[in-house]
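Chain and residue survey
Next come the chains, spelled out residue by residue.
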Amino acid sequence: MYSAHGGGGGGGGGGREPRRGFLAELARAVTPRAALLVLGVLALQLGFVLSYVGAFHAPQPREVPIAVVAPEPVRAEVTDRLAALPDRPLDPGHTAADEEAAREELLRREIDAALVVDVDGTTDTLLVATGAGSSLAQAVTDVLRAVAADQDRQLDVEDVAPAADGDSRGLTAFYLVVGWCVGGYLCAAVLAISRGARPATTSRAVIRLLVLLVYALAAGLGGAVITGPVLDALPGGVVATALVGALVVLAAGATTLALQGLLGVAGIGVAILLVVVLGNPSAGGAYPGPLLPGFWREIGPALIPGAGTWLVRSVAYFDGHAVTGPLLVLAAWTVAGVLLTVLAARFRGAAEPGEAPAAGR
């Protein structure tokens, strides 16, 4: 029998573990895999700071598409003057036959502003659309007010597609899309790691995609109801907004599932990089594309948040105009995500103990 003093333990102290140095304890506490993941988190954090501050620290209008409405000799003179402004804040090369045509182009989202010149007086009219982002409308207004002051002219501003009273600075669409994207990649991440970080089998991958589809429909409808009837923060039909939301969630979620299937846990980090670090600051929310530096202005329309924000604003304020391109972007992310999720499961999937391995592995 063991004695009360631990006589059966080999002298009352033989069971103690030998002391280890700090490096040995560190190696046991933080595995090489964990160290790599921590470094990845650090890279994402620094990338977040670089991307957001880089995009937002010095917003300046750059080649904002604007139409000049005036008889030809006057139009050419005004266009040349605007095109010669330092740093090219405006792109005045767009034409509109008259004021009514300019309004139509604004509502079709072909231009971001229109200057209607009063050739018989000294007060011109600037047409803007704050539903597309009030910061952009304000930036164009500031530029043209300065030009008018230099010419001893006055400038009246008319908003042809104003943001709703509950849509502060036209940001509701952006925040709604951010919420949808967060839900999409978090739902996918939970589904992906619910049984470990290994790729799913083909059947399990298909089931996860179907669950994601149901979640996307619920999230799209929920977001549309909250921002519409509940908060009165966004006009537009609930059904149309909900369908846009479902597509945004599905695109973000399917992309996350695909990246996790291809890269493991690190794939979730890559999804965050694409959606949060690069996608959100370039989405045209706080500052629409013409106010962003070149890199963010170029990548924004090709990423999920940018396409989603454009679509929601088009549905809410522009009667669904100019939606083909963003719809194709979201569809491409969704289809690619679905296909890569299934292919990764088929060729890299790991079966649970006792199950048959995935076909083609």
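In this report, we go over the structure that sits alongside the text. Going along each chain's sequence as written, the residues are numbered from 1 onward. Given that the model is predicted, a residue must reach a pLDDT of at least 70 before its local features are reported, and side-chain atom pairs must reach 80 or more before they are shown or counted; all residues, however, enter totals for whole chains, interfaces and linings. Note that water and hydrogens are dropped before the side-chain values are worked out from all heavy atoms of the structure.

The next thing to look at is the overall build of the chain. Secondary structure follows DSSP: runs of H or I at least 4 residues long count as helices, runs of E at least 2 residues long count as strands, and numbering of each begins at the N terminus. Each helix and strand in the chain was counted, giving 12 helices and 5 strands. For each residue, the accessible area found with a 1.4 Å probe, counting protein chains only, is set against the maximum for its type, and the residue is called buried under 20%, exposed over 50%, and partly exposed in between. Here the chain holds 361 residues, and 44% of them are scored as buried. Considering only contacts in the chain between residues 6 or more positions apart, those separated by 24 or more positions represent 74%. Contact criterion: two residues are considered in contact whenever any of their non-hydrogen atoms come within 4.5 Å of each other.

For the rest of this paragraph, the subject is the side chain of Ser314. Note on placement: Ser314 falls in helix α11 (residues 304–317). Contact partners of Ser314, with chain neighbours within four places excluded, come to Arg109, Asp319, Gly320, His321, Ala322 and Val323.

Next up on the list: the environment of Asp167. Mapped onto the fold, Asp167 is located in the loop between β5 (154–159) and α6 (172–193). According to the relative accessible area criterion, Asp167 is buried, its value standing at 2%. Sequence separation of Asp167 and Leu231 is 64 residues, and the distance between their C-alpha atoms is 9.6 Å. A 3.5 Å cut-off defines polar contacts: any pair of N or O atoms within that distance qualifies, except that in protein one atom must be a possible hydrogen donor and the other a possible acceptor, and neighbouring residues in sequence count only when both atoms are side-chain atoms. From its side chain, Asp167 meets the backbone nitrogen of Leu171 in a polar contact 3.1 Å long.

We now examine the nonpolar core. To qualify as a nonpolar core, a set must consist of buried Ala, Val, Leu, Ile, Met, Phe, Trp, Tyr and Cys residues joined through side-chain atoms within 4.5 Å. Membership of the largest hydrophobic core comes to 50 residues, with the highest contact counts inside it found for Trp180, Val248, Ile304, Val312 and Leu330. For this core, the element with the highest residue contribution is α6, accounting for 10 residues. Residues Val64, Ile66, Val68 and Leu155 belong to the second largest nonpolar core, which totals 22 residues.

For the rest of this paragraph, the subject is the pattern of salt bridges. Each reported salt bridge corresponds to a side-chain nitrogen of Lys or Arg within 4 Å of a carboxyl oxygen of Asp or Glu. Inspection of the entire model under this criterion finds 7 salt bridges. With a shortest N-O distance of 3.1 Å, Arg88 and Glu63 are connected by a salt bridge. Of this pair, Arg88 sits in the loop between α3 (72–83) and β2 (90–94) while Glu63 sits in the loop between α2 (32–56) and β1 (64–69), and the two are 25 residues apart along the sequence. Residue Glu63 is classed as partly exposed on the basis of its relative accessible area, which comes to 44%. What emerges from the salt-bridge pattern is a single network uniting Glu99, Arg103 and Glu158.

Let's shift gears to the pairing of strand β4 (residues 123–128). What makes two strands pair is DSSP finding at least two bridges between them. Sheet analysis places strand β3 (residues 113–116) next to β4, joined by 4 bridges and oriented antiparallel. Directly across from Leu115, in β4, lies its bridge partner Leu126. As consecutive antiparallel partners, β3 and β4 are separated by 6 residues. Here β4 runs beside β5; their pairing, made up of 6 bridges, is parallel. Directly across from Leu126, in β5, lies its bridge partner Val157. Note on handedness: a clockwise path from strand one over the helix to strand two, with the strands aimed away from the viewer, defines a right-handed crossover. After leaving β4, the chain enters helix α5 (residues 134–150) and then returns to the sheet as β5, a path that is right-handed.

Moving on to the packing of α6 against helix α8 (residues 238–263). The packing of two helices is summarised by the inter-axis angle and the distance between the axes. Note on geometry: axes are C-alpha line fits, over the in-contact stretch for helices, and angles between N-to-C directions span 0 to 180 degrees. Interaxial distance between α6 and α8 falls to 8 Å at its minimum, and their mutual angle equals 40°. Considering the angle they form, α6 stands oblique to α8. Relative to α8, the crossing made by α6 is right-handed. Judged by residue contacts, Leu176, Val177, Trp180, Cys181, Gly184, Tyr185, Ala188, Ala189 and Ala192 of α6 engage Thr241, Val244, Gly245, Val248, Val249, Ala252, Gly253, Thr256, Leu257 and Gln260 from α8. Under the scheme applied, nonpolar residues are Ala, Val, Leu, Ile, Met, Phe, Trp, Tyr, Cys and Pro; charged residues are Asp, Glu, Lys and Arg; polar residues are all the others, including Gly. In terms of residue class, the contact of α6 with α8 is built from 13 nonpolar, 6 polar and no charged. The labels follow the angle: roughly parallel below 35 degrees, roughly antiparallel above 145, roughly perpendicular from 65 to 115, and oblique for the rest. Helix crossings get a hand from a simple test, with the near helix turned counterclockwise from the far one by less than a right angle marking a left-handed crossing and a clockwise turn marking a right-handed one.

With that settled, consider helix α9 (residues 265–279). Helices are assigned an expected span. That span is 1.5 Å times one less than the residue count. In this model α9 runs 20 Å from its N-terminal to its C-terminal C-alpha over 15 residues, within 8% of the 21 Å that 1.5 Å per residue would give. Taking the largest bend as the criterion, α9 deviates by roughly 35°, centred on Leu273. If you check which residues of α9 are buried, you get Gly267, Ile268, Gly269, Ala271, Val275, Val276, Val277 and Gly279. On its buried face, α9 sits against α2, α6, α8 and α11. Here the bend at a residue means the angle between the axes of two seven-residue stretches, the one that ends at it and the one that starts at it.

Sheet architecture is open: 5 strands sit in the order β2-β1-β3-β4-β5, paired in mixed fashion. On the outer flanks of this sheet lie β2 and β5, each paired with one strand and no other. Averaged over all neighbouring strand pairs, the angle between strand axes comes to 30°, with direction disregarded. Running over the sheet, helix α4 (residues 99–107) touches β1, β3, β4 and β5 and is turned about 25° from β4. With respect to the sheet, α5 is in contact with β1, β2, β3, β4 and β5, its orientation differing from that of β5 by roughly 160°.

A few words now on the environment of Pro305. In this fold, Pro305 is placed in helix α11. Look at Pro305 and you get buried, because its relative accessible area is 1%. Not counting residues within four places of it along the chain, the set of residues in contact with Pro305 comprises Val177, Cys181, Val275, Gly279, Asn280 and Ala283.

Attention now moves to the packing of aromatic side chains. What counts as a ring pair is set by centres within 6.5 Å for rings of Phe, Tyr and Trp (its six-membered ring), and what kind of pair is set by the plane angle: stacked under 30 degrees, edge-to-face over 60, tilted for all other angles. Applying the stated criterion across every chain yields a total of 5 aromatic pairs. Centre to centre, the rings of Phe295 and Trp296 are 5.2 Å apart; their planes meet at 85°, and the pair counts as edge-to-face. Through a chain of ring-to-ring contacts, the aromatic side chains of Phe48, Tyr52, Phe56 and Tyr287 assemble into a single cluster. Looking at Arg109, its charged tip hangs above the ring of Trp310, at a distance of 3.5 Å from the centre. Across the ring face of Phe347, the terminal group of Arg346 is positioned such that the distance to the ring centre comes to 5.8 Å. Two thresholds decide whether a charge sits over a ring: the Lys NZ or Arg CZ must be within 6 Å of the ring centre and within 35 degrees of the ring normal.

Structural measurements only, silent on function.
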